Amino acid sequence: MDSKVERQREHFDSIADEYLEARLNATHRDLKKRIWSAFSANKKALLASGARVLEPMCGMAEGLEIVETYFQSEIDYLGFDYSEKMVAAARRRLPKHQIEWADVTVFDPKDKQYDFIVLLGGLHHVYAVSDKVVMRLADSLAPGGYFLSYEPTQNCWLTRKIREKIYSANPTFDHKTEQGFDLEQLNTMFRQAGFDLIDQAYPGLLSYILYYNPDAFPWLNKGGVPGVKAAFSIDRLFWRNWIGRKLSFATLSLWRKRV
């Protein structure tokens, strides 16, 4: 295993308990519900029944729940992660689904091609080899298949500097191995791997800052669900315009592999 990947595995194992607890927080769960309801609203027919779904770097398999809730409930699913603690937690939560330990940098689909890949906040953990990971995952996706990506991004000097400061000072993050993407860098990486952009939104605004990472920023997690509702209603005004694109700390993208 690559030394940086191993460092990330050790780091994530060390924070796994706090991460899992934070993902059960009421404000975090409410925000995710609002984000995915809004993004998936015009995509209900995206996946057919029985679609083959791959979730690399699955963590607690949040992507599985999102796909089943907002896109298609009848799927053939494989999830994998490089953190033993996260795999164990995901298996406890979702014992009926196939969830394995694997390293995304050397993942072998064993000649199986998938219809849909969902990868939520994983690529920035393998930032140094993220382009190779996207290429490898593209090979496991059938032509015409979809790749749903949600990654921390920046698109101006201010958000870049804020993230660099946070990553270097907050122990939730390992600044030596993980890094947010410049938005154009992220988009170029997918295009070069053979993808066309279908939809892109910029939800990393006020509600994201306050409520998406309660483990990293507990002092911001104030106001409860009403606070989430109010902040998200403001964010939706900027989801797809130049202001949101410029200031967002995260980007949600749907890509389609060229036929």
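Now for a quick tour of the structure. (Residues numbered from 1 in each chain as written. Predicted model: local features only at pLDDT ≥ 70, side-chain atom pairs only at ≥ 80, totals over all residues. Heavy atoms only, no water.)

## Details of the overall build of the protein chain
Right, so step 1: Check the secondary structure of the protein chain and you find 10 helices and eight strands.
Right, so step 2: The globule rule puts the C-alpha radius of gyration for 259 residues at 18 Å, and the 17 Å found for the protein chain is close to it.
Right, so step 3: Considering the protein chain as a whole, with its 259 residues, one finds that 56% of them fall into the buried category.
Right, so step 4: Considering only intrachain contacts with a sequence separation of at least 6, the fraction spanning at least 24 residues in the protein chain is 80%.
Right, so step 5: Positive and negative charge centroids in the protein chain, built from 35 and 33 side chains respectively, lie 6 Å apart. (Helix = DSSP H or I, 4+ residues; strand = E, 2+ residues; numbered from the N terminus. Rg over C-alpha atoms; globule rule 2.2 N^0.38 Å. Buried < 20%, exposed > 50% of the residue type's maximum accessible area, 1.4 Å probe, protein only. Contact = heavy atoms within 4.5 Å. Lys, Arg positive; Asp, Glu negative; His and termini not counted. Charge placed at Lys NZ, Arg CZ, Asp CG, Glu CD.)

## What about helix 4 (residues 84–93)?
Right, so step 1: Within helix 4, the full set of buried residues consists of Met86, Val87, Ala89 and Ala90. Along the axis of helix 4, the buried residues cluster in a sector spanning 165 degrees; they form a single face. (Arc of directions from axis to C-beta.)

## Brief notes about the environment of Ala193
Right, so step 1: Here Ala193 shows up in the loop between helix 7 (183–192) and strand 7 (195–201).
Right, so step 2: For Ala193, a relative accessible area of 11% puts it in the buried group.
Right, so step 3: For the pair formed by Ala193 and Gly244, sequence separation is 51 residues and the distance between their alpha carbons is 26 Å.
Right, so step 4: Apart from the residues lying within four places of it in its own chain, the contact partners of Ala193 are Val134, Met135 and Ala138.

## Quick notes on unusual backbone geometry
Right, so step 1: For Ala61, which is not a glycine, the phi torsion comes out positive at approximately 65 degrees.
Right, so step 2: Mapped onto the elements of the fold, Ala61 is located in the loop between strand 1 (51–55) and helix 3 (62–70).
Right, so step 3: Assessed through its relative accessible area of 0%, Ala61 is described here as buried.
Right, so step 4: With a phi angle near 55 degrees, Lys110 is a residue other than glycine that sits in the positive phi range.
Right, so step 5: Structurally, Lys110 can be placed in the loop between strand 3 (98–101) and strand 4 (114–120).
Right, so step 6: For Lys110, a relative accessible area of 67% corresponds to the exposed category.

## Some remarks on the nonpolar core
Right, so step 1: Grouped together as the largest cluster of nonpolar side chains are 40 residues, with contacts concentrated most on Ile35, Trp36, Phe116 and Leu148.
Right, so step 2: Sort the elements by how many residues they give to this core and helix 2 (residues 26–40) lands first, with five residues.
Right, so step 3: Not counting residues within four places of it along the chain, the set of residues in contact with Ile35 comprises Tyr150, Pro203, Tyr212, Phe232, Trp239 and Leu252.
Right, so step 4: Counting residues in hydrophobic clusters, the runner-up holds 26 residues, among them Tyr114, Ile117, Leu119 and Ala193. (Core = buried A, V, L, I, M, F, W, Y, C linked by side-chain atoms within 4.5 Å.)

So far we have only geometry, and geometry alone does not tell us how the molecule works.
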